[in-house]
Amino acid sequence: MIKIVEQSLLYDFYGELLTKHQKEIYEDVVIHDYSLSEIANEKGISRQGVHDLIKRCDKTLRGYEDKLHLVERFMNTKQDVLTIRQLADEFKATSDMKLIDKISDISYKILEEI
């Protein structure tokens, strides 16, 4: 996964677990795409301090994901829904009843994981 996308997803799922200060700086880097120098000047801290804080936040957010797997489960469910959508479109074109069985299996899998 591209780093910025991964950071955004991790922040979406676990960002509320960061401190207010961490959230502000992490949002400036990941969401607003500010440079480390811009943030350092705005917050009155060193560029290295911003860099270190971002690295600590990344490590913290990845730690939450390693334990909870919410992003992984979200991505798997998203892929399953896309597969269901493709199978439904294929069924419309072919009326192959085997596709309904596949859709049913995937939907049960999703429900078990929720």
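Residues numbered from 1 in each chain as written. Predicted model: local features only at pLDDT ≥ 70, side-chain atom pairs only at ≥ 80, totals over all residues. Heavy atoms only, no water.

A. Summary view of the packing of helix α1 (residues 3-14) against helix α2 (residues 20-30). Running from amino to carboxyl end, α1 crosses α2 at an angle of 145 degrees, the nearest separation of the two axes being 10 Å. Here the hand of the crossing between α1 and α2 comes out left-handed. Mapping the contact onto sequence places Ile4, Gln7, Ser8 and Tyr11 in α1 and Lys23, Tyr26, Glu27 and Val30 in α2. Of the residues assigned to the contact of α1 with α2, the class counts are four nonpolar, two polar and two charged. (Axes fitted to C-alpha atoms, helices over the stretch in contact; angles between N-to-C directions. Helix = DSSP H or I, 4+ residues; strand = E, 2+ residues; numbered from the N terminus. Left-handed = near helix turned anticlockwise from the far one by under 90°. Contact = heavy atoms within 4.5 Å. Nonpolar A, V, L, I, M, F, W, Y, C, P; charged D, E, K, R; others polar.)

B. How the structure looks around the nonpolar core. Ranked by size, the top nonpolar core spans 18 residues in total, and within it Ile25, Tyr26, Val29, Val50, Ile54 and Leu61 carry the most contacts. With five residues, the single largest contributor to this core is helix α4 (residues 47-68). Those residues in contact with Ile54 that lie beyond four places of it in its chain are Gln7, Ile25, Tyr26 and Val29. Among the nonpolar cores identified, the runner-up in size contains six residues, and Ile84, Ile103, Ile106 and Ile110 belong to it. (Core = buried A, V, L, I, M, F, W, Y, C linked by side-chain atoms within 4.5 Å. Buried < 20%, exposed > 50% of the residue type's maximum accessible area, 1.4 Å probe, protein only.)

C. Highlighting a nonpolar patch on the surface. Taken together, the side chains of Phe13, Leu68, Leu70, Phe74 and Met75 present a nonpolar region at the surface, about 390 Å² in accessible area. A total of three residues in the nonpolar patch trace back to one element, the largest contributor, which is helix α5 (residues 70-94). Following the sequence through the fold, Leu70 ends up in helix α5. (Patch = residues over 30% accessible without salt bridge, like charges linked within 9 Å, V, L, I, M, F, W, Y side chains within 5 Å. Areas by Shrake-Rupley, 256 points an atom, 1.4 Å probe, with all protein chains shown as cover. Salt bridge = Lys/Arg side-chain N within 4 Å of Asp/Glu carboxyl O.)

D. Representation of unusual backbone geometry in the model. Of note in the backbone geometry, His69 takes a positive phi value of approximately 60 degrees without being a glycine. Along the chain, the position of His69 falls in the loop between α4 and α5. Although it is not a glycine, Ser95 adopts a positive phi angle of roughly 55 degrees. Relative to the helices and strands, Ser95 is located in the loop between α5 and α6 (97-113).

E. Quick look at α4. Given a rise of 1.5 Å per residue, 22 residues ought to cover 32 Å, and the 32 Å separating the end C-alpha atoms of α4 matches this to within 8%. All of the buried residues in α4 are Val50, Leu53, Ile54, Cys57, Asp58, Leu61 and Glu65. Within α4, the buried residues cover an arc of 140 degrees as seen down the axis, which keeps them to one side. Along α4, exposed side chains directed more than 90 degrees from the buried face belong to Lys55, Lys59, Asp66 and Lys67. Buried residues along α4 sit against α1, α2, α3 (36-43) and α5. (Expected span 1.5 Å × (residues − 1). Arc of directions from axis to C-beta.)

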